[in-house]
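Notes for the structure review
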Amino acid sequence: MNTTLCFSLRFIQPFPLYHGTRDAGMSEWPPSPMRAFQALINAACLRARGRALAPELRSALHVLEVLRPHIVAPRATISGMGYQTYVPHNQNDLVFMGLSRGMEQSTEAFRKLNGSVRSATKSFRPMRIETFGDDLPTIHYLYPLNAATVDPAALLRAILPSVRSVHCLGWGIDQVIADATLIDDKQAARLIGERWTPTTRGGQPLRVHRKGSLDALGQRYDRFLERLTSSHWTPVSTLKEDKDIDRVRYRRDTDPLPRPYAVFKLLDDNEDPARYPHAKLIHIAGMVRHLAIKAMTGSGADPEFVNRVIRGKRDPSSGNEHKQISYIPLPSIGHAHADGIIRNVMLVAPIGMERELADLARRIDGLPLKPEGEFEECKSDSSPTDTYRAELRLFTPPKGKFIDTHYLGTSPVWHTVTPVILDGHNKKSKNDKPEAIARETEKLICKALQRAGIETPCKFTWQALPFLKNCLSAHKYDRDGRHTGYHRPAHLKDLTAVHMRLSFEYAVPGPLTLGAGRHCGFGLMAGTD
């Protein structure tokens, strides 16, 4: 039977809160394995009182730093009410860094700083940890041990005194009592809490220790002690990813998996980005769909597969189990000067169709789009521009850019880029009261969430105007009865459309699309901080 080291931290406040944050000050839950590892090292060093760590303790920490622990943690939600604190202004650090390099302008900046406010206001919203009856909430980090390479009992003896000296996790006010023990698989299964496991798909990224983390922390502490000398000041660098620490995605079994996708550039004859109006994105979806049907029909694929998955013909008996490829034009968003123009398109497949999507993407890669008129279900109230020419070019979205961060990333809050077309109409007669219309809209939104396979609990709000800059209204006509907003497919023209904001308790992965038009570019959502 497998042996596991269980490192447990129990919060002791009457109303337990957790203040630890991750990048950009965003709330973190569960606490990352690196945070728990640093708390353990801090306790070990405090016990050593300036002396070197004992060889057996250092050896045990080297064993732990290369393991990927599983986490069993209680549920936690962001506090509804936050608070503000006043902290020293970090501008002092910038001035001293400049002075250490001999920059004269920093001297002038320092004079100006003397007459300015020395503190800055920061707002915090800690995580509120749920309790189980009278039991104090406890986080368990489970390290699988291989008895063939390490003696579990010896490892536990080496680290147990340091573990029991850990007194906080997160901020200094997040007080805990800690313990460690060896357990088997049956005992691990009986631990109370949500189970977070490392994954390659979905989840949320957490900082995790790796080989060399212990030495990197020691070197950083030494540099911190030597940052001030008689001649100059040397800033202390942060831990570096892929060298000192890793970033590993953790997810629960109940968290949704991201759908497989393939992203293409639209390139003109000069290999420059081909542009297409945001309001007429349905034309791009129709042309790509037409190209996919043609490519797969000529490949000898099963006609039923092409008709159902590629073309999207719904079998009435399939209900919500119907599966098809979605063709999603991607408006350019993400910064203050984004224009919302279509320069990219994404193919999204149901979970489990990774191989089919890869085969389709390979077949249409490099093929030109042709505006050949109306394309069956994708026909709309306008025709594609006859002069438009573009070639599909498969590519991997760069990290940190708008496609990766907004469309494919993970976030607890998602906004619509294009309006969600609901499967029905929220107004049954001209005499309907606003309350009745709102109730009907809510029912249609719940139906859209169910049909899109979103089972994670969430809160939603809706409105006609867009939440994001350079996106268009959900209205079909303006006050004068003229066409406005997005051109829709004919079969979706008379349905109600709304812009939406979804708020989840935890970050969920993209791509995310909702509504009756989710397979042709409507109901596209973008994650936001």
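In short, a report on the structure. (Residues numbered from 1 in each chain as written. Predicted model: local features only at pLDDT ≥ 70, side-chain atom pairs only at ≥ 80, totals over all residues. Heavy atoms only, no water.)

What follows is about the state of the cysteines. On inspection of all chains with the given rule, the structure shows zero disulfides. The cysteine Cys458 is free of any disulfide, with Cys446 supplying the nearest cysteine sulfur at 8.2 Å. Overall, Cys458 belongs to the partly exposed group, its relative accessible area being 24%. (Disulfide = S-S within 2.5 Å. Buried < 20%, exposed > 50% of the residue type's maximum accessible area, 1.4 Å probe, protein only.)

Empty space within the largest pocket amounts to approximately 1,600 Å³. Taken together, 42 residues form the lining of the largest pocket, with Gln38, Asn42, Leu217, Arg220 and Leu239 sitting closest to its centre. If one sorts the elements of the lining of the largest pocket by residue count, helix α7 (residues 213–225) sits on top with eight residues. Estimates place the volume of the second largest pocket at around 1,100 Å³. Looking at the second largest pocket, it is lined by 36 residues, and the ones nearest its centre are Arg249, Asp404, Leu408, Gly409 and Thr410. Listed by contribution, the elements that provide at least two residues to the lining of the second largest pocket are β11 (204–209), β12 (245–251), α11 (402–407), β18 (410–416), β21 (497–509) and β22 (525–528). (1 Å grid on protein atoms, 1.4 Å probe; cavity = no way out; pocket = protein on both sides within 12 Å on 5 of 7 lines; lining within 4 Å. Points joined across faces, edges and corners; volume = space filled by probe spheres on them. Helix = DSSP H or I, 4+ residues; strand = E, 2+ residues; numbered from the N terminus.)

What describes two packed helices is the angle between their axes and the distance between those same axes. Packing of helix α1 (residues 33–48) against helix α5 (residues 152–163) brings their axes to within 8 Å, and their N-to-C directions diverge by 85°. It follows from the interaxial angle that α1 and α5 lie roughly perpendicular. Residue-level inspection shows Leu40, Ala43, Ala44 and Arg47 of α1 in contact with α5, the latter providing Pro161, Ser162 and Val163. Partitioning the contact of α1 with α5 into residue classes produces five nonpolar, one polar and one charged. (Axes fitted to C-alpha atoms, helices over the stretch in contact; angles between N-to-C directions. Parallel < 35°, antiparallel > 145°, perpendicular 65-115°, else oblique. Contact = heavy atoms within 4.5 Å. Nonpolar A, V, L, I, M, F, W, Y, C, P; charged D, E, K, R; others polar.)

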